[in-house]
Amino acid sequence: MTTPSPARAAFAILGRLAPGLAARWALDLFFTPRGRRGSQRINAFLAAGRRFDVSVRGERVAAWSWGDGPAVYLVHGWAGVGGQLAAFGPPLLASGFRVVTFDAPGHGASTGRRSSIVHFAGALQEIAAKEGPAHAVIAHSLGAAAVVRALSQGLDAGRAVFVGPTGGPRDWAERFRRHLGVPPHVMTSMRERSERWLGASWADFDVPMLAVKQAAPLLIFHDRDDAEVPWSDGAAIAKSWPGARLATTSGLGHRRILRDERVVSQAVAFVKGEPVDTRGWANTCRHPGCDKPAREDGLCDSCGLEASLYLRDERRDAWATTPGVS
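Residues numbered from 1 in each chain as written. Predicted model: local features only at pLDDT ≥ 70, side-chain atom pairs only at ≥ 80, totals over all residues. Heavy atoms only, no water.

### Considerations on the packing of aromatic side chains
Here a ring pair, both rings aromatic, is described through the centre-centre distance and the interplanar angle of the planes.
Thinking step 1. This model, assessed by the stated rule, comprises eight aromatic pairs.
Thinking step 2. Between the aromatic rings of Phe11 and Trp25, the centroid separation amounts to 4.3 Å while the plane-to-plane angle is 15 degrees, which identifies the pairing as stacked. Taken together, the residues Phe11 in helix 1 (residues 6–17) and Trp25 in helix 2 (residues 19–30) connect sequence positions 14 residues apart.
Thinking step 3. Here Phe11 falls in the buried class, since its relative accessible area comes to 0%.
Thinking step 4. Ring plane angle 75 degrees and centroid distance 5.1 Å describe the contact between Phe30 and Phe176, whose orientation is recorded as edge-to-face. (Phe/Tyr/Trp six-rings, centres within 6.5 Å; stacked < 30°, edge-to-face > 60°. Helix = DSSP H or I, 4+ residues; strand = E, 2+ residues; numbered from the N terminus. Buried < 20%, exposed > 50% of the residue type's maximum accessible area, 1.4 Å probe, protein only.)

### What to know about the nonpolar core
Thinking step 1. Judged by nonpolar contacts, the single largest core of 69 residues is most densely connected at Tyr73, Phe102, Ile127, Phe162, Phe176, Met190 and Trp241.
Thinking step 2. Ignoring anything within four residues of it in the chain, the contact list for Tyr73 reads Val100, Leu124, Ile127, Ala128, Glu131, Gly132, Pro133, Ala134, Ala136, Val137 and Ile138.
Thinking step 3. Core analysis: the second largest hydrophobic core is formed by 34 residues, Ile42, Trp66, Leu85 and Leu258 among them. (Core = buried A, V, L, I, M, F, W, Y, C linked by side-chain atoms within 4.5 Å. Contact = heavy atoms within 4.5 Å.)

### Structural notes on the packing of helix 1 against helix 7 (residues 169–180)
Thinking step 1. As a packed pair, helix 1 and helix 7 sit with axes 8 Å apart at the nearest point and diverge in direction by 95 degrees. Between helix 1 and helix 7, the crossing angle belongs to the class labelled roughly perpendicular. In this structure, helix 1 uses Ala7, Arg8 and Phe11 to contact helix 7, whose residues at the interface are Arg178, His179 and Leu180. (Axes fitted to C-alpha atoms, helices over the stretch in contact; angles between N-to-C directions. Parallel < 35°, antiparallel > 145°, perpendicular 65-115°, else oblique.)

### Focus: the environment of Ala134
Thinking step 1. Here Ala134 is to be found in strand 5 (residues 134–140).
Thinking step 2. For Ala134, a relative accessible area of 7% corresponds to the buried category.
Thinking step 3. Here the alpha-carbon distance between Ala134 and Pro70, two residues 64 residues apart in the chain, equals 7.2 Å.
Thinking step 4. Discounting residues that sit within four places of it in the chain, Ala134 has contacts with Ala71, Tyr73, Asp156, Ala157 and Gly158.

Rendered as structure tokens:
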């Protein structure tokens, strides 16, 4: 979200004089990715793959496949590209897996201007229907939310690895609103318009709520210094998903974590069904000012209890206190 500050003044004025126009503008900004096209490293990785296309909601989605064997799908995040997960490719191929990735609609080599979790999930489902069942899915950031939506709609995946996963749109919308100074009534209208466009309620994308019904083994990597998606999102998903495991890293941020050798090797080991030790990644409590020994979820016993009570109540009350939710 790099829109210049004059947008704040424009939203304040339009919110009073032309709220419908303001809502349409907010929707366009919120659902239009602004991101990367790919580095030389990413392009070299993609060039070695078999390129194919699928159609999703009227857009051409570019996809790539490497190797033979059980399929492992790599799903990028918002304003990213499939090649960002290139570091996972060679060790997966060496382990006998087929690797499949894609650029979601509105991203990279795919067509489209707007995108969303619905577009991401639809692309994954179309590609899996073409390329075969998913032995595993490795997903980053918003890509993880899209995977959970696809799983909830019937996608079959043997196991999943999430890296820096987001908990859902409610928090993104609040950061967006504050950043641009969008009036609450405009956000309400924007949300209602987007739900009609997407054919789904934003509540349908709440990952911790959807996680409760999931059965596939899940391993989550989330960095305590992630400035884009808070560590608490990964912790909430791990707490809600039956049997999920959380490895808390430190100093890797939101994107460098995708290239970290230890993260990659442990993710591949998990995909192979080998034992993975999530201890020792960040062995002190993640809560600011607390230096007690951490449990597997990154918190000590006392801070973990406090967080679990807060997350439970916060999730229960979140939609009731969000503009536009009755």
